[in-house]
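# A structural walkthrough
Each chain is listed here by its residues.
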Amino acid sequence: MDLQSGKLFWPTTVSNPPVYPPLAEDIQCDVLVIGAGISGSLCAYHLAERGLKVAVVDKRRIGEGSTSANTAVIQLSGEKSFVTLANHFGEQIISRHIHLCWQALNELEDICTKLPINAQFVRRDSLYYASFTEDIPSIHKEYDFLSRLGLQVELWNEEQIRAVYPFRKPAALYSYNEAELNPLQFVYGLLEKVKSLGGSIYGETEITGRRKDIKDAVFYTAAPRRHQIKAEHVIIAAGNENRDFQSEKNAVMVSSYAVITKPVPDLSSWYKRTLIWETARPYVYLRTTPDHRVIIGGMDKDTTIPEARDSKIMRSRDKLMEAFHKLFPDIPAEPEYWLGGFLSVTHDGLPMVGQYEAYPHCHMVMAYGDNAIVYNAVLSRILADVITEGSSPDLSIYLNTRPLSQK
Ligand SMILES: Cc1cc2nc3c(=O)[nH]c(=O)nc-3n(C[C@H](O)[C@H](O)[C@H](O)COP(=O)(O)OP(=O)(O)OC[C@H]3O[C@@H](n4cnc5c(N)ncnc54)[C@H](O)[C@@H]3O)c2cc1C
């Protein structure tokens, strides 16, 4: 699949990326992880930490999947509000989901402190503003729900927003302690850690076939090498390409866009360099980078055809820049990198773990959504529990067999 096009920023931030050669022999392991993006790397990290023998394979060079397009905004909320999710799944389930996401966010910070490569994890507050006055009630409801659960959120009115930002918005939810990171350095850090714990990482190693085996999973790599990998458990973490293994009716792909500016001289008008996003759909979101760039993303489109996605890259770049200049007219920013990429989401708004009869011994990670990093952190921990302890009380929230929404 042609995952993304354009000029990517994150690869330019890694001067000496680790090299992972292709698999050159038959191997046996406790867990085979297919895919070395954020999904697969986080799963491999947890399992290797728990003492399992892990092998990770990726058909591309490591880091060349969707993860290199990820703008790495790390938040609690996804595209659907928690109130909407609670109306569909019930308050109890969504309260637990929020708790797991919050735990995952904290755990991401903790993991980053243990990696041999600096993933540039930085805590940031976030501002979720009402794009239109009609959206004020939904901001109020979201605030009521989250504050009832004890989350550190505030409801801001127009004057409060105006007092610290150079723009006017009618209301906003201000959340404390969310985060940002460098997704590529995070993946390299995780994989280097896995290696140091005895795991093996193979780039340019595509899984193209398997043998159904009662006791173990047996997968084959592409010809001409065509090696066999035998494993007790398999995690399929192929991102948007999970659908090459198994289609999933709750999943859908969209196109998303981003622009990364040249470093800007002064960010002092950007209150605490918060993550910023909005109630409009599709939305625009913003963050900054350690080297004083601005990342502006969003403008999602319902297209799954690479040519149609790519034909909108330049227009989306210009519209994203325009949206930024409206918010921060005093920051002279010029685009330097821009891209369009596929992003998988779910109809019902929660990420998924797929367990399918056709794939015994396998778990498919579908941390789909704009909040994929946090979802990956939630799902990778649950899967580590399922594999090492036999079960997790939270698995049922995310299993592909949960009821679908009416959308
Ligand atoms: C423009 C854009 C912005 C985004 N911004 C954010 C954001 O701000 N915050 C956030 O949380 N998420 C964001 N996302 C979502 C996020 O990028 C992705 O969901 C996440 O990084 C994907 O990680 P992954 O490991 O699932 O997929 P990938 O990084 O694509 O990794 C999967 C890997 O599997 C490999 N693979 C596939 N098939 C095979 C096979 N048969 N054999 C071997 N290997 C195989 C691929 O080569 C690939 O490297 C964004 C996405 C896009 C496109």
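Residues numbered from 1 in each chain as written. Predicted model: local features only at pLDDT ≥ 70, side-chain atom pairs only at ≥ 80, totals over all residues.

The chain goes by NAD(P)/FAD-dependent oxidoreductase in an unreviewed UniProt entry, where it is assigned to Paenibacillus provencensis.

## Notes on the environment of Ala223
With respect to the helices and strands, the residue Ala223 is situated in the loop between strand 10 (217-221) and strand 11 (228-236). Note: C-alpha distance between Ala223 and Ala237 (14 residues apart in sequence) is 21 Å. (Helix = DSSP H or I, 4+ residues; strand = E, 2+ residues; numbered from the N terminus.)

## Notes on the site of the ligand
Surveying the vicinity of the ligand reveals 34 residues, the closest of which are Gly35, Gly37, Gly65, Gly239 and Gly341. Secondary-structure elements contributing two or more residues to the shell around the ligand are helix 1 (38-49), strand 12 (251-261), strand 16 (335-346) and helix 9 (372-389). In terms of residues, the shell around the ligand owes the most to one element, helix 1, which gives 3 residues. Among the residues forming the shell around the ligand, the class breakdown is 14 nonpolar, 14 polar and 6 charged. (Near = placed C-beta within 6 Å. Nonpolar A, V, L, I, M, F, W, Y, C, P; charged D, E, K, R; others polar.)

## Remarks on the packing of helix 1 against helix 9
Close contact between helix 1 and helix 9 brings their axes to 9 Å; oriented N to C, the two are set at 40°. As judged from the angle between their axes, helix 1 and helix 9 are oblique. Here the hand of the crossing between helix 1 and helix 9 comes out right-handed. Contacts from Ile38, Ser39, Leu42, Cys43, His46 and Leu47 of helix 1 reach helix 9 at Ile373, Asn376, Ala377, Ser380, Arg381, Leu383, Ala384 and Ile387. Class assignment of the residues belonging to the contact of helix 1 with helix 9 gives a composition of 9 nonpolar, 4 polar and 1 charged. (Axes fitted to C-alpha atoms, helices over the stretch in contact; angles between N-to-C directions. Parallel < 35°, antiparallel > 145°, perpendicular 65-115°, else oblique. Left-handed = near helix turned anticlockwise from the far one by under 90°. Contact = placed C-beta atoms within 7 Å.)

## Quick look at helix 1
Compared with an ideal rise of 1.5 Å per residue, which puts 12 residues at 16 Å, helix 1 spans 16 Å between its outermost C-alpha atoms and is within 8% of the ideal. Where helix 1 is concerned, the buried positions are Ile38, Ser39, Gly40, Ser41, Leu42, Cys43, Ala44, Tyr45, His46, Leu47 and Ala48. (Expected span 1.5 Å × (residues − 1). Buried ≥ 20, exposed ≤ 12 C-beta atoms within 10 Å, placed from the backbone.)

## Quick notes on the nonpolar core
The tendency in soluble globular proteins is for nonpolar side chains to be buried side by side. In this structure, Leu32, Val54, Val56, Ala172 and Val365 are the most contacted members of the largest nonpolar core, which totals 126 residues. No other element matches helix 9, which puts 11 residues into this core. Those residues in contact with Leu32 that sit more than four places away from it in its chain are Ala55, Ala217, Phe219, Ile229, Ala231 and Val234. (Core = buried A, V, L, I, M, F, W, Y, C linked by C-beta atoms within 7 Å.)

## Re unusual backbone geometry
For the bond running from Ala223 to Pro224, omega is 5°, close enough to zero to count as cis. Among the secondary structure elements, Pro224 is positioned in the loop between strand 10 and strand 11. Even without a glycine there, the phi angle at Glu204 is positive, about 45°. Locating Glu204 in the fold gives a position in the loop between strand 8 (200-202) and strand 9 (207-211). With 18 C-beta atoms packed within 10 Å, Glu204 lands in the partly exposed category. Backbone geometry places Lys272, a non-glycine residue, at a positive phi of 50°. On the secondary structure map, Lys272 appears in the loop between strand 12 and strand 13 (275-278). The exposure class assigned to Lys272 is exposed, which follows from the 11 C-beta atoms found within 10 Å.

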